[in-house]
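Residue strings, one per chain:
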There are 2 protein chains.
Amino acid sequence: MRHVVIIGFESAGLTAASAARKTDRTARITVIERRSYAVYHPCGIPFAIGGEVPDIGRLVEPASPLENVDVRTATEAIALDVRNRTVEVSAIRARRPESLEYDALVLATGSYAFKPPIPGIDLGNVHSVKTIEDGQAIISALRRAKRAAVIGAGPIGIETAAALRERGLDVTIVEALPSVLPGMLDPDMADLVAKLLRGKGIDILCGQVVQEIRGDERVRSIVAGGQELPVDLVIIATGVKPEVQLAREAGIELGESGGIRVDKYLRTSAADVYAAGDCAESFCLITKRPILSQLATTAIRMGKVAGTNAAGGEAIFEGTLNTVVTCAYGLEVASTGPTTHSAREAGIDPITGRIRAMNRPRYYPGAKPIVVKLLVEPSEHRIIGGQVLSTEGTAERINLLALAIKKGMTVEELAQIEYCYAPPVSDCIEPLVVAAEAILRKL
Amino acid sequence: MRHVVIIGFESAGLTAASAARKTDRTARITVIERRSYAVYHPCGIPFAIGGEVPDIGRLVEPASPLENVDVRTATEAIALDVRNRTVEVSAIRARRPESLEYDALVLATGSYAFKPPIPGIDLGNVHSVKTIEDGQAIISALRRAKRAAVIGAGPIGIETAAALRERGLDVTIVEALPSVLPGMLDPDMADLVAKLLRGKGIDILCGQVVQEIRGDERVRSIVAGGQELPVDLVIIATGVKPEVQLAREAGIELGESGGIRVDKYLRTSAADVYAAGDCAESFCLITKRPILSQLATTAIRMGKVAGTNAAGGEAIFEGTLNTVVTCAYGLEVASTGPTTHSAREAGIDPITGRIRAMNRPRYYPGAKPIVVKLLVEPSEHRIIGGQVLSTEGTAERINLLALAIKKGMTVEELAQIEYCYAPPVSDCIEPLVVAAEAILRKL
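What counts and what doesn't
Residues numbered from 1 in each chain as written. Chains lettered and ligands numbered in written order. Predicted model: local features only at pLDDT ≥ 70, side-chain atom pairs only at ≥ 80, totals over all residues. Helix = DSSP H or I, 4+ residues; strand = E, 2+ residues; numbered from the N terminus. Rg over C-alpha atoms; globule rule 2.2 N^0.38 Å. Buried ≥ 20, exposed ≤ 12 C-beta atoms within 10 Å, placed from the backbone. Core = buried A, V, L, I, M, F, W, Y, C linked by C-beta atoms within 7 Å. Contact = placed C-beta atoms within 7 Å. Pairing = 2+ DSSP bridges. Axes fitted to C-alpha atoms, helices over the stretch in contact; angles between N-to-C directions. Domains from an automatic or database assignment. Nonpolar A, V, L, I, M, F, W, Y, C, P; charged D, E, K, R; others polar. Right-handed = clockwise from strand over helix to strand, strands pointing away. Least-squares fit on C-alpha atoms with pLDDT ≥ 70 in both. Expected span 1.5 Å × (residues − 1). Parallel < 35°, antiparallel > 145°, perpendicular 65-115°, else oblique.

## A closer look at the overall build of chain A
Tallying secondary structure elements over chain A gives 11 helices and 27 strands in all. In summary, chain A has a C-alpha radius of gyration of 23 Å against a globular reference of 22 Å for 443 residues, a match within 12%. Based on the C-alpha atoms only, the size of chain A along its principal axes is roughly 65 × 55 × 40 Å. Here chain A holds 443 residues, and the buried ones make up 55% of them.

Okay, structure coming up:
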């Protein structure tokens, strides 16, 4: 009987366990998870801070949803011996190590919040937005906090800034790069998001780094771009780093991104050891470069592949377009594929087109604007990226674009896709088609 | 200078004129349209009846939106001479015919409401839902009407039934086939729609034909399935027929569906005469059978091809999956590709899977159910059809499925598509993926 051991039980680990169970009905499957509860939903934390999710406890599921999988919570993987195929684990309270033999092991150790080396970052009321405990600490701080700084304008930074503003705080976002959501959006699209946020009273300082966080026990101000801003709460939203300590100490190879290097079967450099999710290196379907995807959806797709293969199946992970959506004040912001900047860095100078359309016929009350930007590589006119902003239907449209990109579709083909229309739902010309036609006029 | 003449100015004619203009900037383009106004939006009529569109006049655009195209409204095409490449046209009031020479001609004559041969169908207060005048007549009748029968449970029938019910009428839908939306949905999916409608107080008689419409000047009852139902308004929603009189009289070949036969360039049997939209025969991408698509979106896609080719370009119409969405009481009902019944008629016995999921995480307030049914052909596991019901994100998901089908994707591939996730927008497992996995478990 095969023994599959999975280290970590977030998106990748959970999916890997489920896929392994489906692939081999008889295998023994053991999951090692440091947390005291089985499952939690980190992407919900900003919305628990904002109050849309009325109780942060809803983001925690004490028990594993998987049948016939031995999930050991409050247990740590201490050392991995890839030659002898054993992993030393220990219940955190007991500190009595046990050695588990495995036939296949999946590293799904996830990531940890990156804390940039800013003086004062360890002061009180300076929090990341990664764990339930982070979320609880921020919610507790809300009672007395009046002014917050959010460092980093990625999805979590934007969502948390909007949440804090909704809670009545004065909020300043500080982003080192020149525009918000820099990994997702071109600057012209990002400006539309920044305008919305500013309209809601959020200050945004782009192209500025935080030089210092000042205070005694608790934060009292930050210094950014030479200016001192009084704040009593600081959110660190500068991204996450792959949790690779166990892998590194076991001599498993890391990639240039800092994540665990894997092949398309998600095999690491150690025999029968797989890696999936935030701890593993992915690669961009367009630029073919190694990247850290660090999305729950990528972790799920990788977990499925790693779990299937660890249980003796054969699945392939084909890379990612980093298809992502974020939401603030009802505006859905979604993107897939590289931005113009990252495409150029990879040697592709895309032709771009941006359109604004309505999501329903103009005569139908409540029609909402939708902005679509497409990126097309100039030689064969293949679509390589898309960015969509609207109050609805954004995620589904970006998913369609991700499929079109994956399938190597040209902008000419996109202009001819079949779509449906009914006045309460959609307009008779699909905005994605309008965007494709806008680019065709430039070719 | 090339002269392109287009007969008809609804979805196909308008798009053909626009595409011809873009293809040849110097061509002379003439459009002949019987109506006194340039553009109207027939799909909006049920929603003007229901009051969502507060004024039916909003569905009419008096002027053509196209620049540099000679749109002659209130003008009829009387005879087409394909040998001499002339079409005789006449302003309806003047009745002074003029002969137009053309280099290329596009028949975009559309369709007319089909009136089944039921005794009494010409009584007062018996209306189709095709023209603005139909819509106005129904709206006028609302003032005194108390009980309506809707004959036909296709999209227009369902939308109009819901509209009349919203206006306070007692409504009975009579459908000859065994379930509602028979061209769109399998019976199990249709039952969910029927349940919603019944819950709103609409009576539905499926598998029943209307034998007679009774009354003096105005309708007073219908007889269906041997029963007499008192009604004072009858809606005929039994579909449309292609308007082919001009083509037939010109000796142009018709297809087995009754529409004008065309090749993939949308050329008819007459040299330099194209056809597009409801008057033209299309074909199903899956069954390869000729069909009448009769959707505005198909008309637009055909119009683009016919207009491009008529102006000297080269475009191909690749057929249709009849991707369609309808909406009643906020429920969006969408489908693409054949139903199980129509697939079997074409010799494909599909494997099907139906799932119910939530469109957002369960912990996020306001998560709504979504039901997805997929049809997969059994030999290569290619997806051939999809049906989706939800209160949002339905049309965009069916558009994605239409693209997946067009690209020949297997259900295995669909289970691995990339998608995005944020709690206010979507769940971390996309319902289309859940549906694909449900089918994989059956294979």
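## As for the nonpolar core
Residues Leu107, Val234 and Ala276 of chain A together with Leu107, Val234 and Ala276 of chain B are the most contacted members of the largest nonpolar core, which totals 304 residues. Excluding its chain neighbours within four sequence positions, the residues that come into contact with Val234 of chain B are Asn125, Val126, Ala148, Ala149, Ile151, Ile213, Val219 and Ile222 of chain B.

## Let's talk about unusual backbone geometry
Working note: non-glycine residues mostly have negative phi, and peptide bonds are mostly trans. All names here are of chain B. Not every positive phi belongs to a glycine, and Gln294 is a case in point at roughly 55°. Looking at the secondary structure, you find Gln294 in the loop between β22 (290-291) and α7 (296-310). You can call Gln294 buried: it has 23 C-beta atoms within 10 Å. The residue Tyr329 is not glycine, and still its phi comes out positive at about 55°. Mapped onto the secondary structure, Tyr329 falls in the loop between β23 (324-328) and β24 (331-336).

## Some thoughts on the sheet that holds strand β26 (residues 369-376) of chain A
Backbone hydrogen bonds are what pair the strands of a sheet, in a parallel or an antiparallel way. Residues and elements named next belong to chain A. Pairing in this open sheet of five strands is antiparallel, and the strands run β23-β24-β27-β26-β25 from one edge to the other. At either margin of the open sheet sits one strand with a lone partner, and together these are β23 (324-328) and β25 (351-358). In this sheet, neighbouring strand axes are inclined to one another by 10° on average, regardless of whether the strands run parallel or antiparallel. Sheet analysis places strand β24 (residues 331-336) next to strand β27 (residues 383-390), joined by five bridges and oriented antiparallel. Residue pairing in the sheet places Glu332 in a bridge with Ser390 of β27. Across the sheet, helix α9 (residues 394-406) lies against β23, β24 and β27, angled at about 175° from β27, the strand it touches most.

## Let's talk about the sheet that holds strand β6 (residues 75-81) of chain B
Residue and element names in this part refer to chain B. With antiparallel pairing, three strands are arranged side by side in an open sheet as β6-β7-β8. Of all strands in the sheet, those with a lone pairing partner are β6 and β8 (98-101), marking the two edges. In this sheet, neighbouring strand axes are inclined to one another by 30° on average, regardless of whether the strands run parallel or antiparallel. Where β6 lies against strand β7 (residues 86-91), six bridges are found, and the strand directions are antiparallel. Its bridge partner being in β7, Leu80 is matched across the sheet by Val87.

## Quick notes on the domain arrangement of chain A
Considered domain by domain, chain A is made up of domain 1 (3-36 + 73-111 + 240-310), domain 2 (115-236) and domain 3 (330-440). Centre-to-centre separation of domain 1 of chain A and domain 2 of chain A, based on C-alpha positions: 32 Å.

## Re the interface of chain B and chain A
Between chain B and chain A, the contact holds 52 residues from the first and 52 residues from the second. Elements that contribute at least two residues to the side of chain B that touches chain A include exactly α7, β23, β24 and α9 (394-406) of chain B. At 10 residues, α9 of chain B tops the list of elements feeding residues into the side of chain B that touches chain A. Its residues placed into classes, the side of chain B that touches chain A shows 31 nonpolar, 11 polar and 10 charged.

## Focus on the pairing of strand β2 (residues 28-32) of chain B
Residues and elements named next belong to chain B. Within β2, four of the five residues are buried, which leaves it mostly tucked inside the rest of the structure. Sheet topology note: the strand β1 (residues 3-7)/β2 ladder contains five bridges and is parallel. Bridging from a neighbouring strand, Val4 pairs with Ile29 of β2. Traced from β1 through helix α1 (residues 11-23) to β2, the parallel crossover comes out right-handed. Of the strand pairs in this sheet, β2 and strand β5 (residues 70-72) are connected by three bridges, and their pairing is parallel. Among the inter-strand pairings, Thr30 is bridged to a residue of β5, identified as Asp70.

## Brief notes about the pairing of strand β27 (residues 383-390) of chain B
All names here are of chain B. Of all eight residues making up β27, eight are buried, and the element is well covered by its neighbours. The pairing of strand β26 (residues 369-376) with β27 spans seven bridges and is classified as antiparallel. Residue pairing for β27: Val371 is matched across the bridge by Leu389. The hairpin formed by β26 and β27 contains six residues between the paired strands, and His381 there has a positive phi angle of roughly 65°.

## Examining the relation of the copies chain B and chain A
Mapping chain B onto chain A leaves a residual RMSD of 0.0 Å; the transformation is a rotation of 180° accompanied by 0.0 Å of translation along its axis. Taken together, the rotation and translation describe the operation of a two-fold axis. A shared interface surface links the copies, since 100% of the contact residues of chain B are contact residues in chain A too.

## Points about helix α5 (residues 187-199) of chain A
Residues and elements named next belong to chain A. A rise of 1.5 Å per residue sets the reference length of α5, with its 13 residues, at 18 Å; its end C-alpha atoms lie 18 Å apart and thus fit the reference within 8%. Packing partners of the buried residues in α5 comprise α4 (155-166), β14 (203-206), β23, β24, β26 and β27. Directly after α5, the chain includes Gly201, whose backbone phi takes a positive value near 95°.

## Some points on the environment of Arg360 of chain A
All names here are of chain A. Along the polypeptide, Arg360 turns up in the loop between β25 and β26. Note: C-alpha distance between Arg360 and Glu430 (70 residues apart in sequence) is 9.3 Å. Excluding residues within four positions of it along the chain, Arg360 makes contact with Gly366, Ala367, Pro423, Ser426 and Asp427.

## Description of helix α4 (residues 155-166) of chain B
Quick reminder: α-helices carry 3.6 residues per turn. Residues three or four places apart thus point the same way. All names here are of chain B. The end-to-end C-alpha separation of α4 is 16 Å, in line with the 16 Å expected for 12 residues at 1.5 Å each. Counting buried positions over the 12 residues of α4 gives 11, a clear majority of the element. Restricting attention to buried positions, one finds in α4 the residues Pro155, Ile156, Gly157, Ile158, Glu159, Thr160, Ala161, Ala162, Ala163, Leu164 and Arg165. Each element contacted by the buried residues of α4 is listed here: α2 (45-50), β12 (147-151), β13 (170-175), α5 (187-199), β18 (233-236) and β23. Two residues or fewer past α4, Gly168 is found with a positive phi of approximately 95°.

## Some remarks on the packing of α9 of chain A against α9 of chain B
The geometry of α9 of chain A relative to α9 of chain B is characterised by a closest axis approach of 8 Å and an angle of 10° between their N-to-C directions. Judged by the inter-axis angle, α9 of chain A sits roughly parallel to α9 of chain B. Within the contact between the two elements, α9 of chain A uses Glu396, Arg397, Asn399, Leu400, Leu403 and Ala404 of chain A and α9 of chain B uses Glu396, Arg397, Asn399, Leu400, Leu403 and Ala404 of chain B. Its residues assigned to classes, the contact of α9 of chain A with α9 of chain B comprises six nonpolar, two polar and four charged.

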